[in-house]
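Fold and contact review
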Amino acid sequence: MNEQLRTLLTDHPNLWRAGERGSRSYNTGTSISTGYADLDAILPDGGWPANALVEVITSQWGIGELQLLLSPMKAAIQQNRWILWIAPPYIPYAPALISAGVDINRLIVVQPNNDCKDTCKDALWSLEKALQNDACGIAVAWLDRIPNGIVRRLQLAAQTGKTLGVLFRQREMKNSPAVVRLQLKPELKQEFDRMHVTLLKARGTCRRSSASLRI
C-alpha cells in the first residue's frame, strides 16, 4: 500500500475499515448520551451521533419512543438551539414534556397537509432545511415512505448543520444510508414500560446488539 493511500485510509473521517470494528466510532464528531446507560453501551461513541441521521423502526407509534430522545432534546435547549417535530402522530403533551425538562417554547411542530401523506414534499423540505441549519439541535420526523436517495440527502444535510436527525418509521428499508438504525419493541404485549432495542446498523461496528430498557 502506497503512503498516500495509507494516509487517506488512516486520516479521512468518513472512511471506516472492517478491521477497525473494535474502535466503534461514528466518525461524525461528538455524541449525545441517550440517557440510558445500557443503550449508550451498544452505540458507537456512547450515544446518539451529534450530526447524523438516525432511523428508528417501530411497529406502532406511541410505545415510548420519544423517551429515548429526551436527553438530546434537553441538550439542544441547553445550547439555545431549536427542536423540530415533523408530522407527529399525536399532539405533543406539553405537561409531560415540561415535567421531563423540555422547554416547549423551543419546540416547533410542523403538520403537513393530510392529503400529502408520508411523502409530502413540504415535510421533507422542512426536515432538510432544519437539518442544514445549525440553529436546530434535533429534528424528528414521523415519515415512512422515503426512498434511500432522499435519506442520503437528509444524512448530508445533518452533517452540514451539525444536527441530530431522527426518522421514526414503521417499515424497514433495505440498505438505508442512515448512520444508525434501531428497532424498538415493547418487551411484553400491551406493556410499554420496558422496551427492547435492537441495533440493526451503526457506522463503526458490524455487530448486532440489543438492550432492554425501562422507560
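The sections below set out a description of the structure shown in this document. Residues take numbers from 1 onward in each chain, read along the sequence in its written order. For a predicted model such as this one, the threshold for reporting local features is a pLDDT of at least 70, and the threshold for listing and counting side-chain atom pairs is 80 or more; totals across whole chains, interfaces and linings nevertheless cover every residue. To get the side-chain values, all heavy atoms of the structure are used, and hydrogens and water are removed first.

Quick word on the nonpolar core
Membership of the largest hydrophobic core comes to 40 residues, with the highest contact counts inside it found for Leu-39, Trp-48, Ile-83, Ile-138 and Val-166. Strands here mean DSSP runs of E at least two residues long; helices mean DSSP runs of H or I at least four residues long; both are numbered from the N terminus. Counting residues per element, this core draws most heavily on helix α3 (residues 70-78), at five residues. Those residues in contact with Ile-138, other than ones at most four positions away along the chain, are Leu-69, Pro-72, Met-73, Ala-76, Trp-82, Ile-83, Leu-84, Thr-163, Leu-164 and Val-166. Here, nonpolar core means buried Ala, Val, Leu, Ile, Met, Phe, Trp, Tyr and Cys residues that are tied together by side-chain atoms lying within 4.5 Å of each other. Whether a residue is buried, partly exposed or exposed follows from its accessible area with a 1.4 Å probe, protein chains only, as a fraction of its type maximum: under 20%, in between, or over 50%, in that order. Core analysis: the next-biggest nonpolar cluster, separate from the first, contains 21 residues, Ala-123, Ala-130, Cys-136 and Ala-139 among them. Only heavy atoms enter the contact rule, under which two residues are in contact if any of them lie within 4.5 Å.

Digging into the pattern of salt bridges
If charged atoms from side chains of opposite charge come close, those side chains can pair. Any carboxyl oxygen of Asp or Glu that lies within 4 Å of a side-chain nitrogen of Lys or Arg is treated as forming a salt bridge with it. Scanning all chains against the criterion turns up three salt bridges. Across the pair Arg-181 and Glu-55 runs a salt bridge, and its minimum N-O distance is 3.1 Å. Taken together, the positions of Arg-181 in strand β8 (residues 180-188) and Glu-55 in strand β3 (residues 53-58) put the pair 126 residues apart, joining distant regions of the chain. The exposure class of Glu-55 is buried, given its relative accessible area of 1%. Glu-128 is paired through a salt bridge with Arg-153; the nearest N and O atoms lie 2.6 Å apart.

Details of the layout of surface pockets
Taken as a whole, the largest pocket holds about 400 Å³ of empty space. A 1.4 Å probe that fits into a set of points on a 1 Å grid over the protein atoms alone but cannot get out defines a cavity; an open set with protein on both sides within 12 Å along at least five of seven lines defines a pocket, and lining residues are those with an atom within 4 Å of a point. Looking at the largest pocket, it is lined by 18 residues, and the ones nearest its centre are Leu-66, Trp-85, Pro-92, Tyr-93 and Leu-97. Grid points are joined across faces, edges and corners, and a volume is the space filled by probe spheres set on the points.

Comments concerning the pairing of strand β4 (residues 82-86)
Most of β4 sits out of view: four of its five residues are buried. One ladder, built from five bridges, connects β4 with strand β6 (residues 136-142); its direction is parallel. By the bridge assignment, Ile-86 is partnered in β6 with Ala-141. Looking down the strands as they point away from you, a crossover is right-handed if its path from the first strand over the helix to the second goes clockwise. Between the parallel elements β4 and strand β5 (residues 107-110), the chain passes through helix α4 (residues 94-99) in a crossover that is right-handed. In this scheme, strands are said to pair when DSSP sees at least two bridges between them.

Some words on the environment of Glu-128
Positionally, Glu-128 belongs in helix α5 (residues 121-132). The class of Glu-128 is buried, set by a relative accessible area of 13%. For Glu-128 and Gln-155, which are 27 residues apart along the polypeptide, the C-alpha to C-alpha distance reads 8.9 Å. Ignoring any residue separated from it by four or fewer positions in sequence, one finds Glu-128 in contact with Arg-153, Leu-154 and Ala-157.

Thoughts on the environment of Pro-177
Its place among the elements puts Pro-177 in the loop between β7 (164-169) and β8. Sequence spacing of Pro-177 and Val-151 is 26 residues, and the spatial spacing of their C-alpha atoms is 6.6 Å. Sequence-distant contacts of Pro-177, defined by excluding residues within four places in its chain, comprise Asn-148, Val-151, Arg-152, Gln-155 and Lys-201.

Focus on the pairing of β5
The pairing of β4 with β5 spans four bridges and is classified as parallel. Following the sheet pairing, Ile-86 is matched in β5 by Val-110.

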